[in-house]
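Structure assessment
Now for the letters of each chain:
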Amino acid sequence: MTTSEIDSIIRQYEGKESQLLAILQDIQIKEKYLPKESLEYVSQKMQIPLTKIFQIATFYNALSLKPRGKHKIDVCLGTACHVRGGERILEKLERELGISAGETTKDRKFTLESVRCLGCCSLGPVAVVDGKVFGRLSQEKVGSLLKEFK
Amino acid sequence: MREERGRGQGMMKIHDKIDLEKIREEGLKKLFPKETKISVGMATCGLSTGADKVYETLLKEVGRLKLPFQVGQTGCIGFCQREPVLDILTPGRPRIFYQEVTPEKAIELVHRWDKEEVVKDWLFFKMEGEEWIGEDKWFDYSIQTDLKGLDGTPSYQQVPFYQKQLKIALRNCGFINPDHIEEYIARGGYFALGKALLEMKPEEIIEEVKRSGLRGRGGAGFPTGSKWESCRRVKGDQKFVLCNADEGDPGAYMDRSVLEGDPHSVIEGMIIGAYAIGAHEGFIYVRDEYPLAIQKLQVAVRQAEEFGLLGDNILGSGFSFRIHLFRGGGAFVCGESTALMASIEGKVGEPRAKHIHTTESGLWEKPSNLNNVETWNNVPVIISRGSEWYSKIGTDKSKGTKVFSIVGKVNNTGLIEVPMGITLREIVYEIGGGIPDGKKFKAVQTGGPSGGCIPESLLDLPVDFDRLTEVGSMMGSGGMIVMDESTCMVDVAKYFMNFLKDESCGKCTSCREGTKRMHEILTEISEGRGKPEHIPLLEELGWVTAEASLCQLGGTAPNPVLSTIRYFREEYEEHILNKRCPAKVCRALLKYRILPETCTMCGRCAKVCPADAITGKRKTKKEEGIPFKIDEEKCIKCGMCFDTCKFNAIEVQ
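Residues numbered from 1 in each chain as written. Chains lettered and ligands numbered in written order. Predicted model: local features only at pLDDT ≥ 70, side-chain atom pairs only at ≥ 80, totals over all residues.

Right, let's talk about the overall build of chain B for a bit. Each helix and strand counted, chain B has 25 helices and 20 strands in total. Compactness check: chain B gives a C-alpha radius of gyration of 27 Å against a globular reference of 26 Å for 653 residues, within 12% of the reference. Taking the principal axes of the C-alpha coordinates as reference, chain B spans close to 85 × 70 × 45 Å. In chain B, which comprises 653 residues, the share counted as buried stands at 55%. Restricting the contact set of chain B to residue pairs at least 6 apart, pairs at least 24 apart contribute 73%. (Helix = DSSP H or I, 4+ residues; strand = E, 2+ residues; numbered from the N terminus. Rg over C-alpha atoms; globule rule 2.2 N^0.38 Å. Buried ≥ 20, exposed ≤ 12 C-beta atoms within 10 Å, placed from the backbone. Contact = placed C-beta atoms within 7 Å.)

This paragraph deals with the overall build of chain A. What chain A contains, in helices and strands, is seven helices and four strands. Tracing chain A from N to C terminus, the helices and strands come up as α-α-α-α-β-α-α-β-β-β-α. Considering only C-alpha atoms, chain A reaches an extent of 50 × 30 × 25 Å along its principal axes. Buried positions account for 44% of the 150 residues belonging to chain A. Taking contacts inside chain A between residues at least 6 apart in sequence as the whole, the part at least 24 apart equals 59%.

The next point concerns the domain arrangement of chain A. Once the domains are mapped, chain A shows domain 1 (3-59) and domain 2 (71-147). Placing a centre on the C-alpha atoms of domain 1 of chain A and another on those of domain 2 of chain A gives a separation of 29 Å. (Domains from an automatic or database assignment.)

When its domains are assigned, chain B resolves into domain 1 (27-158), domain 2 (190-390), domain 3 (401-484), domain 4 (489-577) and domain 5 (591-652). Its C-alpha centre places domain 3 of chain B at a distance of 39 Å from the equivalent point of domain 5 of chain B.

Turning to the pairing of strand β16 (residues 479-484) of chain B, a few remarks are in order. All names here are of chain B. Of all six residues that make up β16, five are buried, and the element is covered over most of its length. Taken together, the four bridges between strand β12 (residues 401-408) and β16 define a ladder with parallel strand orientation. Note that in β16 the partner of Ser 405 across the bridge is Gly 479. For strand β14 (residues 441-446) and β16, the ladder comprises five bridges, and the chain directions are antiparallel. Looking at the pairing, Phe 441 lines up with Asp 484 of β16. (Pairing = 2+ DSSP bridges.)

To continue, consider helix α16 (residues 424-431) of chain B. All names here are of chain B. Of the positions making up α16, those classed as buried are Leu 424, Ile 427, Val 428 and Ile 431. What you see down the axis of α16 is that its buried residues fit within an arc of 120 degrees, all on one side. At the exit of α16 stands Gly 433, carrying a positive phi of roughly 75 degrees. (Arc of directions from axis to C-beta.)

For the rest of this paragraph, the subject is the packing of helix α19 (residues 509-526) of chain B against helix α20 (residues 534-548) of chain B. Residues and elements named next belong to chain B. Running from N to C, α19 and α20 cross one another at 160 degrees; their axes reach a closest spacing of 9 Å. Classified by the interaxial angle, the pair formed by α19 and α20 is roughly antiparallel. Viewed along their axes, α19 and α20 form a crossing whose handedness is left-handed. Residue-level inspection shows Ser 510, Cys 511, Gly 514, Thr 515, Arg 517, Met 518, Ile 521, Glu 524 and Ile 525 of α19 in contact with α20, the latter providing His 534, Leu 537, Leu 538, Leu 541, Gly 542, Val 544, Thr 545 and Ala 548. Among the residues making up the contact of α19 with α20, the classes are represented as nine nonpolar, six polar and two charged. (Axes fitted to C-alpha atoms, helices over the stretch in contact; angles between N-to-C directions. Parallel < 35°, antiparallel > 145°, perpendicular 65-115°, else oblique. Left-handed = near helix turned anticlockwise from the far one by under 90°. Nonpolar A, V, L, I, M, F, W, Y, C, P; charged D, E, K, R; others polar.)

With that settled, consider α20 of chain B. The first and last C-alpha atoms of α20 of chain B sit 21 Å apart over 15 residues, in line with the 21 Å expected at 1.5 Å per residue. The inward-facing, buried residues of α20 of chain B abut α19, α21 (552-556) and α22 (559-567) of chain B. (Expected span 1.5 Å × (residues − 1).)

Turning our eyes to something else, we now look at the sheet that holds strand β5 (residues 123-127) of chain B. Residues and elements named next belong to chain B. Taking strand neighbours across the sheet as the criterion, the five strands line up as β2-β1-β3-β4-β5 in an open arrangement whose pairing is mixed. Each having just a single partner strand, β2 (69-74) and β5 make up the two edges of the open sheet. Sheet twist, expressed as the average angle between the axes of neighbouring strands with direction ignored, equals 20 degrees. Two strands pair when backbone bridges link them, and strand β1 (residues 36-41) and strand β3 (residues 86-89) are joined in this way by four bridges, in the antiparallel orientation.

All names here are of chain B. It is the contact of helix α3 (residues 51-64) with helix α4 (residues 103-114), at a shortest axis distance of 9 Å, that shows an interaxial angle of 35 degrees. Between α3 and α4 lies a crossing of right-handed hand. The segment α3 lies against α4, with Lys 53, Val 54, Thr 57, Leu 58, Glu 61 and Val 62 engaging Pro 103, Ala 106, Ile 107 and Val 110. The class makeup of the residues in the contact of α3 with α4 is seven nonpolar, one polar and two charged.

Facing the 38 residues of chain A at the interface are 40 residues of chain B. Those elements that place two or more of their residues in the side of chain A that touches chain B are α2 (20-31), α4 (50-59), α5 (79-83), α6 (86-97) and α7 (139-147) of chain A. Of the residues that constitute the side of chain A that touches chain B, the class distribution is 18 nonpolar, 14 polar and six charged.

So, about the sheet that holds β12 of chain B. Residues and elements named next belong to chain B. An order of β13-β12-β16-β14-β15 is seen for the five strands of this open sheet, with the pairing classed as mixed. Whereas interior strands pair on both sides, the edge strands pair on one side only; in this sheet they are β13 (414-419) and β15 (452-455). Between one strand axis and the next, the sheet turns by 30 degrees as a mean value, whatever way the strands run. As paired elements, β14 and β15 share four bridges and run antiparallel to each other.

Residues and elements named next belong to chain B. Locating Asp 121 in the fold gives a position in the loop between α4 and β5. Residue class for Asp 121 comes out exposed when judged on the 8 C-beta atoms lying within 10 Å of it. As a C-alpha pair, Asp 121 and Ser 457 span 336 residues in sequence and 38 Å in three-dimensional space.

With that out of the way, let us pick up the confidence of the model for chain B. Residues and elements named next belong to chain B. Overall, the prediction assigns chain B a mean pLDDT of 93, with 98% of residues at 70 or greater. Every residue in residues 4-10 scores below 50 in pLDDT, and together they form six contacts with partners more than four places removed in sequence or on other chains. Reported confidences for the modelled complex are a pTM of 0.92 and an ipTM of 0.91. (pLDDT = per-residue confidence, 0-100.)

Time to look at the environment of Leu 145 of chain A. All names here are of chain A. Tracing the chain through its elements places Leu 145 in helix α7. For Leu 145, a count of 18 C-beta atoms within 10 Å gives the class partly exposed. Along the chain, Leu 145 and Val 129 lie 16 residues apart, while their C-alpha atoms are 9.0 Å from each other.

This part covers the nonpolar core. Residue and element names in this part refer to chain B. Ile 272, Ile 284, Tyr 285 and Ile 427 are the most contacted members of the largest nonpolar core, which totals 218 residues. Residues within four places of Ile 272 in sequence aside, it is in contact with Ala 192, Leu 193, Ala 196, Ile 205, Val 379, Pro 380 and Ile 383. Cys 599, Met 640, Cys 641 and Cys 645 belong to the second-largest nonpolar core, a separate cluster that totals 17 residues. (Core = buried A, V, L, I, M, F, W, Y, C linked by C-beta atoms within 7 Å.)

In structure tokens:
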């Protein structure tokens, strides 16, 4: 991401420190995560200590300091999905992709995360891939789900 | 998240009540056009079952056949289990709702409707008119033609799921297109605002809200009118009103539905509240995980600005008010009022002690009034129907209705709105339709991570703010998760503790360490390393965590553990003393075994086993085959073999 792109994001929020979360979220939308260089630039440009920026970046779950894969799989582990076997779906995905929740595959294709309640409880267990919701999942259906994105 | 300012594309600015009535006329034409209108439920529940494909297919088919049909979208009608839902409305005919619609079915429906026919098998219910609860009006559809195949179809009020419901907060969801402010106005929207701004004084409004008995719907249940009054009394010319849309309880999505299906109801409530309190700026803090809700709010705020319902001199009253939207960052603790305000200020969402209430010193140390989405949404109806009407609904200390999400092991899952005082039994069995697959009810978890589990013996408890708290749970924000005999209560406690330990902001040692240790102990118990002293230790840790933490995340953290110990102690003891999980959930305590007598030697289980733990020989035309066997040492207890076996030859102990 170029510095001028970051500049334009900062300008959109009138350079306000109180809008730091929104600024970081917008950077993340473009970069898929928060590269260290971008954070250092924001710190310097907005004159905010880097520790404060890392404080925000590590507190909010929506922000990631690690590079993410092309496709993001969010498995819902909300109570309703948990009661309907959401953990098994996550574990099946972990086995299929060879990574643990929170990690990205070596070929940078998939990032696997668990989320807490997407609000589609009637359809549990649920997983969201790149914003697309897959409901009524079972361990068997996981295979075909991944095929769609491979 | 950037805010989009209105562009005033020839939108009519509403200057007074007369203008509002003019927009109502336009809205009525949109709601009830002369030609056939098909509305597809496109809230998150609908979209996740493919409603977008149904919508696109309909558009294509209607275009291909050049039918004079309109295709539009609407919010969630509450029976999420049956999504995608759509309804067809033609002047003179009953309004027909279909359930579980697929793109193929949609095409068929369109062809049949053109011939004045319905497809009986996919019918959901019919309507011959609709209620506008905000105005105490019944809008009749004036049916003239009957349709073939409609006999036996229940009307909306006759469907068991809807029969005992009373929709106030959900009054418009599924009946309007949320992107059309005119439709909201047509059904009575913003008229309460007109009454409040032009006919009432701020103190009168506060009195009405107080008399109505409205209590906060976010979980704490604080009397709303009193909160407004204390904020009004504080001296200061800059005050804020805030909407807590950071609905974080897993299993609860009531607020999301309101924001996606009827965002204006919240905006109208906030303007009325701001006027009563004396605030000119408002914030709606929306959870990051709700992108559709954020989008609907952006459209709604922009439209309200274009029509002059937000901004300067609203409805000619001289009162000015603006709303800003703020997107959360994925932190559950930001649902706590002081953490939410810290987050808006650009800090991390850490709660602070409330020696001084936020109504006195809140956002940027200014007097701030924070209310939940559902609370704000109730306000316009209280103003238009009056506190006397409202206070007749519900119980003595819990007035009005409450929206609940009923999910888990229950037949009818979705969102319901019922008068407070209804019993849990009525909710689970009459509205929820009971437990599927002939299983036995075990418990219903209410109040999210701050609540507890309620066993069968207490099912006749009325649901309201106080009764559930008496038995160790709480009504909370409205999440209701039904559990059956295949749910392990130790696992449930462990689950909630895992959630709380992750979401703890870390400020208070008791919460940060307490939730972690309780989770560790529960893990030990669920993995067969439980000790008898663990139970009193959990109770003690729970007490310390609750007493010494400054916010309610820590303050209510022990509830799931303590309530499950209280009502399901034998289950804990079974795990600890006999290393057994009666519900067959805790993996480490399970044994998967193939029954040699039942095994048909098809070999499917061995194929799907990820740990290569199954050996045996497939039976073929030429060979006898050897029954398959699971190697216990290699087995990782994933359950794939159990799911795959079509002959029930695998037993779980």
